[in-house]
Amino acid sequence: MFAMSYIEIFMEIFNVCAATLIVLISGLVIFNMQRLNRDLLKARIFLNHAITQQTWTYISIAGAAFALNAVTKFMVLFTRTGEMLNKYYMLEITQVIFLLAFIHAIYSYFVFISTHSPKAFEP
């Protein structure tokens, strides 16, 4: 029988929940984008520096976590110091940081679109 540790079980459940949330929020963003005037949306994004700064910050954090995950995975597979990194769950930590930052970036963009669309949820 295949035995999994608590961290592995948590990561699998977390990955499924995060992936589901990313798909749902991305679908809502795409759905709401069809109802908006694209030129007006571009102007509002350009004039709202807070949403631009926040989105780039979280996308940068997600990108850095993704890169750190790739380097850590390489070190675990091909170096002796990788065994030490496995003890501290570095792969799992970077994966959680990536997913949380990406979800937050998508969610903040969804909130921005929803607040600027008067008919965002009306059929």
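Peer 1: What is the right way to look at the overall build of the chain in this model?
Peer 2: From N to C terminus, the chain includes five helices and zero strands. Listed by position from the N terminus, the elements making up the chain come as α-α-α-α-α. Across its three principal directions, the C-alpha atoms of the chain cover 55 × 35 × 15 Å. Relative to its 123 residues, the chain shows a buried fraction of 27%.

Peer 1: It is not clear to me how the packing of helix 2 (residues 38–47) against helix 5 (residues 90–115) should be interpreted in this structure. Could you clarify?
Peer 2: Geometrically, a packed helix pair is captured by the angle between its two axes and the distance between the axes. Relative to each other, helix 2 and helix 5 sit at 120°, their axes nearing to 11 Å. Between helix 2 and helix 5, the interaxial angle falls into the category oblique. Crossing hand, helix 2 versus helix 5: right-handed. When helix 2 is examined against helix 5, the residues Leu-41, Arg-44 and Ile-45 are found in contact with a partner set consisting of Tyr-109, Phe-112 and Ile-113.

Peer 1: Quick question: what am I supposed to make of unusual backbone geometry here?
Peer 2: Glycine aside, residues mostly have negative phi, and peptide bonds are mostly found in the trans state. A positive phi angle, close to 55°, is found at Tyr-89, a residue other than glycine. With respect to the secondary-structure elements, Tyr-89 resides in the loop between helix 4 (82–87) and helix 5.

Peer 1: Looking at this structure, how should I read helix 3 (residues 49–78)?
Peer 2: An α-helical segment advances 3.6 residues per turn. Residues three or four places apart therefore align on the same side. For helix 3, built from 30 residues, the straight-helix expectation of 44 Å at 1.5 Å per residue is met to within 8% by its first-to-last C-alpha distance of 43 Å. The complete set of buried residues in helix 3 reads Ile-51, Ala-62, Ala-65, Asn-69, Thr-72 and Val-76. Of the surrounding elements, those touching the buried residues of helix 3 are helix 2, helix 4 and helix 5. Between a side-chain oxygen at the N-terminus of helix 3 and the backbone nitrogen of Ala-50 the separation is 3.2 Å; the capping residue is Asn-48.

Peer 1: Mind showing me how you'd approach the nonpolar core here?
Peer 2: By size, the foremost hydrophobic cluster in this structure holds 17 residues, and its most contacted members are Ile-22, Ile-25, Val-29, Met-33, Leu-41, Leu-99 and Ile-113. At the level of secondary structure, the elements contributing two or more residues to this core comprise helix 1 (6–35) and helix 5. Filtering out sequence-adjacent residues up to four positions away, Ile-22 remains in contact with Leu-99, Phe-102, Ile-103 and Ile-106.

Peer 1: Hey, could you run me through the packing of helix 3 against helix 5 in this one?
Peer 2: In the contact formed by helix 3 and helix 5, the axes pass within 8 Å of each other and the chain directions differ by 160°. Here helix 3 lies roughly antiparallel to helix 5, going by the angle between them. Crossing hand, helix 3 versus helix 5: left-handed. Of the residues in the contact of helix 3 with helix 5, the class split is 18 nonpolar, eight polar and one charged.

Peer 1: Would you explain the environment of Leu-99 in this entry?
Peer 2: Among the structural elements, Leu-99 can be located in helix 5. Separated by 80 residues in the primary sequence, Leu-99 and Ala-19 have C-alpha atoms spaced 8.4 Å apart. Those residues in contact with Leu-99 that sit more than four places away from it in its chain are Phe-14, Asn-15, Ala-18 and Ile-22.

The rules behind the values
- Residues numbered from 1 in each chain as written.
- Predicted model: local features only at pLDDT ≥ 70, side-chain atom pairs only at ≥ 80, totals over all residues.
- Heavy atoms only, no water.
- Helix = DSSP H or I, 4+ residues; strand = E, 2+ residues; numbered from the N terminus.
- Buried < 20%, exposed > 50% of the residue type's maximum accessible area, 1.4 Å probe, protein only.
- Axes fitted to C-alpha atoms, helices over the stretch in contact; angles between N-to-C directions.
- Parallel < 35°, antiparallel > 145°, perpendicular 65-115°, else oblique.
- Left-handed = near helix turned anticlockwise from the far one by under 90°.
- Contact = heavy atoms within 4.5 Å.
- Expected span 1.5 Å × (residues − 1).
- Polar contact = N/O pair within 3.5 Å; in protein donor to acceptor, adjacent residues only side chain to side chain.
- Core = buried A, V, L, I, M, F, W, Y, C linked by side-chain atoms within 4.5 Å.
- Nonpolar A, V, L, I, M, F, W, Y, C, P; charged D, E, K, R; others polar.

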